[in-house]
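So you can see what is in the structure, the chains are spelled out below.
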Amino acid sequence: MQKDSQTETSRAFGALFVYIAIAIAGGAVFSEIAIKSHVPMYGVALIWLASFVVTFGVNFRRLKRIMSSVRIRMNNSISWPIGAKIVNGACWTTPFATIGLFPSLYQYLILIGIGSGNLSTYLLLKRLNGIKNMGQMIVGVISFVSIPVSIWFDTNLLVSNHDLAVFTSRILISLAYGVGGIYTLVKKS
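Note on numbering: residues in each chain are counted from 1, in written sequence order. Only residues with pLDDT of 70 or above have their local features reported here, since the model is predicted, and side-chain atom pairs are shown and tallied only from 80 upward, although totals for entire chains, interfaces and linings are computed over all residues. Neither water nor hydrogens contribute to the side-chain values; these are computed over all heavy atoms in the structure.

1. A word on the overall build of the chain
Move 1: Looking only at helices and strands, the chain features seven helices and zero strands.
Move 2: Listing every helix and strand of the chain by position from the N terminus yields α-α-α-α-α-α-α.
Move 3: For a compact globule the rule gives 2.2 Å times the number of residues to the power 0.38, and the radius of gyration it is set against comes from C-alpha atoms. Its C-alpha atoms give the chain a radius of gyration of 17 Å, within 12% of the compact-globule value 16 Å for 189 residues.
Move 4: Each principal axis of the C-alpha distribution contributes one length, and for the chain these read about 55 × 35 × 30 Å.
Move 5: Method for areas: the Shrake-Rupley scheme with a 1.4 Å probe, in which residue coverage is limited to the protein chains shown. Accessible area of the chain: about 10500 Å², with a carbon and sulfur share of 71%.
Move 6: Here the chain contributes 16 positive and 5 negative side-chain charges, whose respective centroids are spaced 14 Å apart. Helix and strand assignments follow DSSP, with helices taken as H or I runs no shorter than four residues and strands as E runs no shorter than two, numbered in order from the N terminus. Only four residue types enter the charge count: Lys and Arg as positive, Asp and Glu as negative, with His and the chain ends excluded. One atom stands in for each charge, and that atom is NZ of Lys, CZ of Arg, CG of Asp or CD of Glu.

So, in structure tokens, the structure goes:
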């Protein structure tokens, strides 16, 4: 029974990761088009919001079932020792909090935050709860591997193209979540 519950929860995370990937890819593509069309920043923000609302709204019924499974997994982290909670929280928040200090590096800091957050959560769940969510590990690893790719787009093209680097990092985040989610959905239990 517990194995079935863990499999169901893993599949729920796989589906959630795929939805996140779709929302990020849609937001990245449509916001890039909007920026090139000189849409004001509030319009770009609305595009991002709409991307998530539409993606999750279309899947609302399924999402309700997914969120109950996700809640079960989240409850595992509540029982972690305080040190583990601090490490995991720092891995998720420190890169994002640093964006205020280094706004020109935000696309790399987001990749670092997603990479370190997902990897720390994977390692802590594995060690403290015996749960191996390989999809989460895949998201973390791809996010870290994406950093040099994004840097290359920003610095090694004939002309530095910061917009292309930002767009690329968003697509790579989408790819990381998509690959992690699909792996989790198709792997054998």
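2. A closer look at the nonpolar core
Move 1: Nine residue types can take part in a nonpolar core, namely buried Ala, Val, Leu, Ile, Met, Phe, Trp, Tyr and Cys, and a core is a set of them joined through side-chain atoms within 4.5 Å. The classification of residues rests on relative accessible area computed with a 1.4 Å probe and restricted to protein chains. Under 20% of the type maximum is buried, over 50% is exposed, and intermediate values are partly exposed. Formed by 27 residues in total, the largest nonpolar core has its most connected members in Leu16, Ile20, Phe56, Ile66 and Tyr177.
Move 2: Looking at this core, the elements with two or more residues in it are helix H1 (2-36), helix H2 (41-58), helix H3 (60-78), helix H5 (106-129), helix H6 (134-155) and helix H7 (162-186).
Move 3: With twelve residues, H1 is the largest single contributor of residues to this core.
Move 4: Two residues form a contact once any of their heavy atoms are found within 4.5 Å. Those residues in contact with leucine 16, other than ones at most four positions away along the chain, are Phe56, Leu63, Ile66 and Val70.
Move 5: Within the second largest apolar cluster, five residues are counted, among which are Ala84, Leu124, Leu125 and Ile131.

3. Digging into the packing of helix H4 (residues 82-98) against H5
Move 1: Look at H4 against H5: their axes get within 7 Å of each other, and the N-to-C directions meet at 170 degrees. The angle between H4 and H5 places the two elements in the roughly antiparallel class. Where H4 approaches H5, its residues Ala84, Asn88, Cys91, Trp92, Pro95, Phe96 and Thr98 are matched on the opposing element by Leu109, Ile110, Ile112, Gly113, Ile114, Ser116, Gly117, Asn118, Ser120, Thr121, Leu124 and Leu128.
Move 2: For the contact of H4 with H5, a count of residues per class yields eleven nonpolar, eight polar and no charged. Angular values range over 0 to 180 degrees, each being the angle between N-to-C directions of two axes fitted as lines to C-alpha atoms, with helices fitted over their stretch in contact. Working rule for angles: under 35 degrees goes down as roughly parallel, over 145 as roughly antiparallel, 65 to 115 as roughly perpendicular, anything else as oblique. Just so you know the grouping, Ala, Val, Leu, Ile, Met, Phe, Trp, Tyr, Cys and Pro go in nonpolar, Asp, Glu, Lys and Arg go in charged, and all remaining residues, Gly too, go in polar.

4. Focus: the packing of H5 against H6
Move 1: In contact at an axis separation of 8 Å, H5 and H6 are set at 160 degrees when each is read in the N-to-C sense. As far as their axial angle goes, H6 and H5 are roughly antiparallel. The way H5 lies across H6 gives a crossing that is left-handed.
Move 2: A class-by-class count of the residues in the contact of H5 with H6 yields 14 nonpolar, ten polar and one charged. Here is the rule for handedness: rotate from the far helix to the near one, and if that takes an anticlockwise turn smaller than a right angle the crossing is left-handed, while a clockwise turn gives right-handed.

5. Overview of the side chain of asparagine 88
Move 1: Residue position: asparagine 88 is located in helix H4.
Move 2: Excluding residues within four positions of it along the chain, asparagine 88 makes contact with Trp80, Gly117, Ser120, Thr121 and Leu124.

6. Quick notes on the packing of aromatic side chains
Move 1: Centres within 6.5 Å make a pair out of two Phe, Tyr or Trp rings, where for Trp the six-membered ring is used; the pair is then stacked when the planes are under 30 degrees apart, edge-to-face when over 60, and tilted otherwise. Applying the stated criterion across every chain, the model contains four aromatic pairs.
Move 2: Plain terms: the ring middles of phenylalanine 17 and tyrosine 177 are 5.2 Å apart, the flat faces sit at 80 degrees to each other, and that makes the pair edge-to-face. Taken as a pair, phenylalanine 17 in helix H1 and tyrosine 177 in helix H7 lie far apart in primary sequence, 160 residues in all.
Move 3: Judged by its relative accessible area of 5%, phenylalanine 17 is buried.
Move 4: For the pair tyrosine 19 and phenylalanine 56, a centre-to-centre distance of 6.1 Å together with 80 degrees between the ring planes defines the contact as edge-to-face.

7. Some thoughts on the environment of tryptophan 80
Move 1: Summarising the element assignment, tryptophan 80 is placed in the loop between H3 and H4.
Move 2: Considered as a pair, tryptophan 80 and leucine 124 are 44 residues apart in the sequence and their alpha carbons are 8.5 Å apart.
Move 3: Excluding its chain neighbours within four sequence positions, the residues that come into contact with tryptophan 80 are Lys85, Asn88, Thr121, Leu124, Leu125, Leu128 and Asn129.
Move 4: One polar contact links tryptophan 80 to asparagine 129, side chain to side chain, over a distance of 2.7 Å. Counting of polar contacts relies on pairs of N or O atoms within 3.5 Å, with two restrictions inside protein: one atom must be capable of donating a hydrogen and the other of accepting it, and residues adjacent in sequence are counted only when both atoms are side-chain atoms.

8. Some details on the pattern of salt bridges
Move 1: We count a salt bridge whenever a side-chain nitrogen from Lys or Arg sits within 4 Å of a carboxyl oxygen from Asp or Glu. Summed over all chains, the structure comprises one salt bridge.
Move 2: In this structure, lysine 36 and glutamate 32 form a salt bridge, with 3.5 Å as the shortest nitrogen-oxygen distance. Of the two residues, lysine 36 and glutamate 32 are both situated in helix H1; the distance of four residues between them amounts to about one turn of the helix.

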